[in-house]
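As a plain string of letters, each chain reads:
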Amino acid sequence: MNIRREDASDYEAVFNVVEKAFENEEHSDHQEQLLVERLRKSAAFVPELALVAELYGEVVGYILLTKIRIVNEHANTTSLALAPVAVLPAHQGKGIGGRLIEAAHVKATELGFGSVVLLGHENYYPRFGYEPAGKFGIMLPFDVPVENCMAIELAEGALTNVSGVVEYPHEFNG
């Protein structure tokens with residue numbers, strides 16, 4: 001498997017991967033592929049954090065980390081949102097998503113980012129070091145189960161003295 005930065009020639013394949021990966025997902029608006037297209041055009045987009053996984057030359061997985069802010073009355077802190085990570089259904093359960101997450105964490109750390117926040121499956125992300133976002137005093141700006149709101153420090157202490165509400169780029173709103 002090859003994990004590399006996405007380029008424009010991958011856009012159609014990425015659209016397909018993301019659409020198929022979320023097609024039967026119960027807790028989805030089934031619009032994640034459109035979110036990716038909007039985020040690529042946003043100021044929050046970091047091209048180095050849009051990664052594809054290839055098997056035998058075929059794009060079978062994708063991950064995107066984009067810039068967000070964690071805001072309170074005293075400060076705002078730059079962080080990243082993981083949304084989405086997607087793997088074609090025929091290739092799920094083989095560790096591709098995990099490899100994408102790990103590669104994205106490495107690249108984000110190299111770029112100087114200290115943390116990632118996500119909304120996701122509470123039984124999946126903890127294996128990569130994600131903890132409840134509430135532990136850090138971080139909340140999402142919408143009503144979702146707290147066990148699905150998670151964060152990770154990519155650099156030790158990156159979320160020390162950071163608390164507040166996640167401010168997503170407006171592209172997340174459709």
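Residues numbered from 1 in each chain as written. Predicted model: local features only at pLDDT ≥ 70, side-chain atom pairs only at ≥ 80, totals over all residues. Heavy atoms only, no water.

J.: Give me the packing of aromatic side chains: which residues, what numbers.
T.: Across all of its chains, the model carries 5 aromatic pairs by this definition. In textbook terms, an aromatic cluster arises when at least three aromatic residues are bridged by ring pairs, as seen for Y124, Y125, F128 and Y130. In this arrangement the basic side chain of R40 is found over the ring face of Y11, its NZ or CZ atom lying 3.8 Å from the centre. (Phe/Tyr/Trp six-rings, centres within 6.5 Å; stacked < 30°, edge-to-face > 60°. Lys NZ or Arg CZ within 6 Å of the ring centre and 35° of its normal.)

J.: Now, about helix α1 (residues 11-22): what can you tell me, with residues and values included?
T.: Over its 12 residues, α1 extends 17 Å from the first C-alpha to the last, a length consistent with the 16 Å expected when each residue adds 1.5 Å. For α1, the full list of buried residues reads V14, V17, V18, A21 and F22. In an axial view of α1, the angular spread of the buried residues amounts to 110°, which keeps them on one side of the axis. At its buried positions, α1 is contacted by α2 (32-40), β2 (45-55), β3 (58-71) and β4 (76-87). (Helix = DSSP H or I, 4+ residues; strand = E, 2+ residues; numbered from the N terminus. Expected span 1.5 Å × (residues − 1). Buried < 20%, exposed > 50% of the residue type's maximum accessible area, 1.4 Å probe, protein only. Arc of directions from axis to C-beta. Contact = heavy atoms within 4.5 Å.)

J.: Account for the pattern of salt bridges, with residues named and values stated.
T.: Following the criterion strictly, the structure yields 8 salt bridges and no others. Between R4 and E54 there is a salt bridge; the shortest N-O distance is 3.0 Å. Note that R4 is positioned in strand β1 (residues 2-5) and E54 in strand β2, a separation of 50 residues in sequence. With a relative accessible area of 23%, R4 lands in the partly exposed category. (Salt bridge = Lys/Arg side-chain N within 4 Å of Asp/Glu carboxyl O.)

J.: If you had to explain the nonpolar core to someone new, which residues and values would you point to?
T.: The tendency in soluble globular proteins is for nonpolar side chains to be buried as a group. Counting 41 residues, the largest nonpolar core has L82 and Y130 as the members making the most contacts within it. Of all the secondary structure elements, the ones that give two or more residues to this core are α1, α2, β2, β3, β4, α3 (96-110), β5 (115-119) and β8 (149-153). Among the elements that make up this core, the one with the highest residue count is β2 (7 residues). Beyond its immediate sequence surroundings of up to four residues, Y130 is in contact with L82, I101, H105, V116, L118, Y125, M150, A151 and I152. One finds I70, I138, L159 and V162 within the second-largest nonpolar core, a separate group that totals 14 residues. (Core = buried A, V, L, I, M, F, W, Y, C linked by side-chain atoms within 4.5 Å.)

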